[in-house]
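Remarks on the overall topology
Residues per chain are reported as follows:
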Amino acid sequence: MKKFLFSLLATVGLLAGCTPKTVISQSYDFKHMQRIGVMGFASPYSGLSGVENLFAKYLIENGFKVVERAQLDAVLAEHNISVSGYLSPATTKKIGKILGVDVLLVGEVTSYTPTRKEMALVSTQRTEAHPVYAQAVRPGPDGKPTAYTQRVGTTYSQSTDVRPSEYTIDAQVGVIAKLVDVETAEIVWIGSLSQESSSALDAADDIARRLVKSFTKELAKRGGR
């Protein structure tokens, strides 16, 4: 187990990116995983909370039986169990027995940058053409010289137009999620993803969808479902 945990921790630093990368335990029997308890995700960012609800949504969508956070919190409060930060093996086991879940989904929002507006000066080069005229003389019908104006060429001038322009920088969210067996407190799956979108909620939703999809595929390959 320790060897597997060290492997997981060493891999976490490589997980963030546009492609979800996950690590799944090769020894854990996922056939015994019937119910998943979804814990509240830790987030040091006040502007982004409730990410665990997005994971619950996609777990249910993919056919998993889920005890979501609101129900879980109510039961834990009833039994006077406090869960914040680190979950000890004893607490994990106690939660599993009370809720009848096999694994707990825990996670953390690792990075968060909200959508923001920025101003920049945009310069535009302009080129203008100016016709050139000159006076000339030619004989008139009566033989007398007559003055007239004719175009003899073109000159060009360049100018720079500088104006302020507003642009939008997309929100960025990073999340780490992991499944913990309630009996052994073993991390049996872990994944991480960083995503950008027009809003933080959209980015977090896409992260939850893609990580759950990745886990489901890995599980199917191992015949765990």
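Look above for the structure.
Turning our attention to the packing of helix α2 (residues 51-61) against helix α5 (residues 200-221). In the contact formed by α2 and α5, the axes pass within 9 Å of each other and the chain directions differ by 40 degrees. Comparing the axis directions of α2 and α5 gives the class oblique. Read as a crossing pair, α2 and α5 show a hand that is right-handed. Residues V51, L54, F55, K57, Y58 and L59 of α2 pack against L201, A204, D205, I207, A208, R209, L211 and V212 of α5.

Moving on: the sheet that holds strand β4 (residues 103-113). The strand order across the open sheet built from 6 strands is β1-β8-β7-β4-β2-β3, with neighbouring strands paired in mixed fashion. Of all strands in the sheet, those with a lone pairing partner are β1 (21-24) and β3 (65-67), marking the two edges. Between one strand axis and the next, the sheet turns through 20 degrees on average, direction left out of account. The pairing of β4 with strand β7 (residues 171-181) spans 10 bridges and is antiparallel. Residue L105 lies in a different strand from β7, and its bridge partner there is L179. Strand contacts of α2: β2 (35-38), β3, β4 and β7, with the helix running at about 165 degrees to β2, the strand carrying the most contacts. Contacting β1, β4, β7 and β8 (187-197), α5 runs over the sheet at an angle of about 145 degrees to β8.

We now examine the side chain of S25. Turning to its location among the elements, S25 is positioned in the loop between β1 and β2. The exposure class of S25 is buried, given its relative accessible area of 1%. Among the polar contacts made by the side chain of S25, one reaches the main-chain amide nitrogen of S27 at a distance of 3.3 Å. For S25, the side chain forms a polar contact with the main-chain nitrogen of Y28, separated by 3.2 Å.

The rules behind each value
Residues numbered from 1 in each chain as written. Predicted model: local features only at pLDDT ≥ 70, side-chain atom pairs only at ≥ 80, totals over all residues. Heavy atoms only, no water. Axes fitted to C-alpha atoms, helices over the stretch in contact; angles between N-to-C directions. Helix = DSSP H or I, 4+ residues; strand = E, 2+ residues; numbered from the N terminus. Parallel < 35°, antiparallel > 145°, perpendicular 65-115°, else oblique. Left-handed = near helix turned anticlockwise from the far one by under 90°. Contact = heavy atoms within 4.5 Å. Pairing = 2+ DSSP bridges. Buried < 20%, exposed > 50% of the residue type's maximum accessible area, 1.4 Å probe, protein only. Polar contact = N/O pair within 3.5 Å; in protein donor to acceptor, adjacent residues only side chain to side chain.

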